[in-house]
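Here are the chains, one letter per residue:
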Amino acid sequence: MGRRIWYSLLGGSVYRRVGSERRGVYAAFLAVAVTTAAALAVVTALSTARALTAITAAWSDLPAFSVSRGKLILPQGMQPPVRVAADGAVVLLDSGTPTGNPLGDAPFGLILTGSELLLRAGSVPGAPAGTYRKIPLSALNGFPIDKASLGTLLRDLASAGVWLEAAIEILYAVVRDLVRAAVIAWLGLISARLIGRDPGWPQAWRVGLAAWTLPMLAEVAQIAVPVPGWALWMVACVYAVTGSFFLNPF
């Protein structure tokens with residue numbers, strides 16, 4: 001399996017061997033896909049858990065509130081926006097989605113309006129700094145939306161919730177990468193046919209899986225350095241197209 005992963009990273013003429021070897025094709029791809037997906041999911045989960053923990057520290061300073069029929073309801077005599085800060089997090093209650101940068105430079109924060117929650121969870125791989133995760137309140141249909149219930153929900157999400165989401169993200173990422181590999185394989189096969197060669201789908205599929213290996217590893221670099229999505233596709237296309245030219249036609 002290790003040899004096959006190494007061949008996948010080399011590209012070029014070595015893809016002739018990659019395309020002809022059936023053994024270990026899925027094991028090598030899935031090993032990289034699951035490992036990289038797990039790395040990104042764990043980093044995101046830890047960042048989100050830290051953000052939610054910081055937000056719950058500020059939660060007790062909020063006034064009693066509720067949301068009913070798309071409206072934020074505050075105690076009599078109090079008008080939105082209401083802003084509290086604690087432990088590096090900012091929580092903002094507002095009647096509508098605020099413009100600009102209402103949380104300022106706070107690494108963690110939450111904005112609650114009459115229609116949605118906007119969560120800032122610090123550094124999330126692949127997302128620009130300061131990005132919000134939007135959660136429509138309609139997704140909480142049947143769940144009472146007030147200070148106590150939302151506080152309990154945030155505490156639950158900070159523990160088991162983020163890890164359940166991480167598991168779902170890993171499964172989604174692996175399926176997504178299989179689909180991407182299929183697209184890359186198809187592009188490689190079409191390119192080979194344009195020059196009069198037809199290696200067949202089985203070989204092209206194995207090349208597609210190999211060509212998407214390096215982009216999966218490069219995605220992990222998003223933990224430290226943003227990697228544009230188009231760059232991943234460009235690398236995979238170059239690997240697949242050039243590799244397909246070396247395949248033996250059936």
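Numbers given for residues are sequential positions, taken from 1 along each chain in its written order. Selection of residues for local features in this predicted model requires a pLDDT of at least 70, selection of side-chain atom pairs for listing and counting requires 80 or more, and totals for whole chains, interfaces and linings are taken over all residues. Side-chain metrics in this entry use all non-hydrogen atoms of the structure; hydrogen atoms and water are not considered.

## Things to note about the pairing of strand E4 (residues 89-93)
Of all five residues that make up E4, five are buried, and the element is covered over most of its length. Residues Ala89, Val91 and Leu93 point to one face of E4 and Val90 and Leu92 to the other, with burial holding for every one of them. A pair of strands is labelled paired if DSSP reports no fewer than 2 bridges between them. Secondary structure counts use DSSP, requiring at least four H or I residues in a row for a helix and at least two E residues in a row for a strand, with both numbered from the N terminus. Where strand E3 (residues 82-86) meets E4, five bridges bridge the pair, whose relative direction is antiparallel. When the bridges of E4 are listed, valine 84 appears paired with valine 91. Count of turn residues in the E3/E4 antiparallel hairpin: two residues, of which aspartate 87 carries a positive phi of about 55°. Here E4 pairs with strand E5 (residues 108-112) via five bridges, running parallel. Residue pairing for E5: valine 90 is matched across the bridge by glycine 109. Three exposure classes are used, based on accessible area relative to the maximum for each residue type with a 1.4 Å probe and protein chains only: buried under 20%, partly exposed in between, and exposed over 50%.

## Observations regarding the side chain of glutamate 21
Locating glutamate 21 in the fold gives a position in the loop between helix H2 (15-20) and helix H3 (25-59). Here a polar contact is taken to be a pair of N or O atoms separated by no more than 3.5 Å, where protein atoms must pair a possible hydrogen donor with a possible acceptor and residues adjacent in sequence count only if both atoms sit in side chains. A polar side-chain atom of glutamate 21 sits 3.1 Å from a polar atom in the side chain of arginine 17.

## What about the environment of threonine 48?
Mapped onto the fold, threonine 48 is located in helix H3. The residues touching threonine 48, leaving out its near neighbours within four places in the chain, are Leu119, Ala121, Arg133 and Val162. Here threonine 44 takes part through its backbone oxygen, which lies 2.8 Å from a polar atom of the side chain of threonine 48. Contact criterion: two residues are considered in contact whenever any of their non-hydrogen atoms come within 4.5 Å of each other.

## So, the pattern of salt bridges
We define a salt bridge as a side-chain nitrogen of Lys or Arg found within 4 Å of a carboxyl oxygen belonging to Asp or Glu. Overall, the coordinates contain seven salt bridges when judged by the stated rule. Here glutamate 21 ties to arginine 17 by a salt bridge, and the two come within 3.1 Å at their closest N and O atoms. Relative accessible area serves as the criterion here: at 40%, arginine 17 is assigned to the partly exposed category. Arginine 180 is the salt-bridge partner of glutamate 219, the closest N and O atoms lying 3.7 Å from each other. Taken together, the residues span a long stretch of sequence, with glutamate 219 in helix H6 (residues 213-220) and arginine 180 in helix H4 (residues 147-194) at a distance of 39 residues.

## Here we look at the environment of arginine 16
Tracing the backbone shows arginine 16 in helix H2. Here the alpha-carbon distance between arginine 16 and glycine 104, two residues 88 residues apart in the chain, equals 54 Å. Looking at arginine 16, its side chain comes within polar contact range of the main-chain oxygen of phenylalanine 246, at 3.0 Å.

## What about the packing of aromatic side chains?
For Phe, Tyr and Trp, rings pair up if their centres lie within 6.5 Å, where Trp contributes its six-membered ring, and each pair is then called stacked (planes under 30 degrees apart), edge-to-face (over 60) or tilted (otherwise). A full pass over the atoms with the stated rule returns five aromatic pairs. Each member of the aromatic cluster is reached from another via a ring pair, and the members are Tyr26, Trp201 and Trp205.

## Describing the packing of helix H1 (residues 2-10) against H6
Fitted lines through C-alpha atoms give the axes, limited to the stretch in contact for helices. The angle between two N-to-C directions lies from 0 to 180 degrees. Interhelical geometry of H1 versus H6 gives an angle of 90° and a closest axis separation of 8 Å. Classed by the angle they form, the pair H1 and H6 counts as roughly perpendicular. Across the interface between the two elements, Ile5, Ser8 and Leu9 from H1 touch Thr213, Leu214 and Leu217 from H6. In this count, Pro and Cys sit with the nonpolar residues alongside Ala, Val, Leu, Ile, Met, Phe, Trp and Tyr, while Asp, Glu, Lys and Arg are called charged and the others, Gly among them, polar. For the contact of H1 with H6, a count of residues per class yields four nonpolar, two polar and no charged. Relative orientations are named as follows: roughly parallel for angles under 35 degrees, roughly antiparallel for angles over 145 degrees, roughly perpendicular for angles from 65 to 115 degrees, and oblique for any other angle.

## Focus: the sheet that holds E3
Spatially, the five strands line up as an open sheet ordered E3-E4-E5-E6-E7, and their pairing is mixed. Strands at the two margins of the open sheet, each flanked by one partner only, are E3 and strand E7 (133-136). When the angles between neighbouring strand axes are averaged without regard to direction, this sheet yields 15°.

## Focus on empty space enclosed by the protein
Definitions used throughout: a 1 Å grid over protein atoms alone; a cavity as a set of points that fits a 1.4 Å probe which cannot get out; a pocket as an open set with protein on both sides within 12 Å along at least five of seven lines; a lining residue as one with an atom within 4 Å of a point. Grid points are joined across faces, edges and corners, and a volume is the space filled by probe spheres set on the points. Here the structure, examined in full by the defined rule, presents one cavity of 30 Å³ or more. Its volume calculated, the largest cavity comes out at about 60 Å³. Lining the largest cavity are Arg4, Ile5, Ser8, Val25, Ala28, Phe29, Val32, Arg206, Leu209, Ala210 and Thr213. Elements with a contribution of two residues or more to the lining of the largest cavity: H1, H3 and helix H5 (201-211). Take the lining of the largest cavity: its biggest share by element is four residues, from H3. Split by residue class, the lining of the largest cavity holds seven nonpolar, two polar and two charged.

The analysis is restricted to geometry; functional conclusions fall outside its scope.
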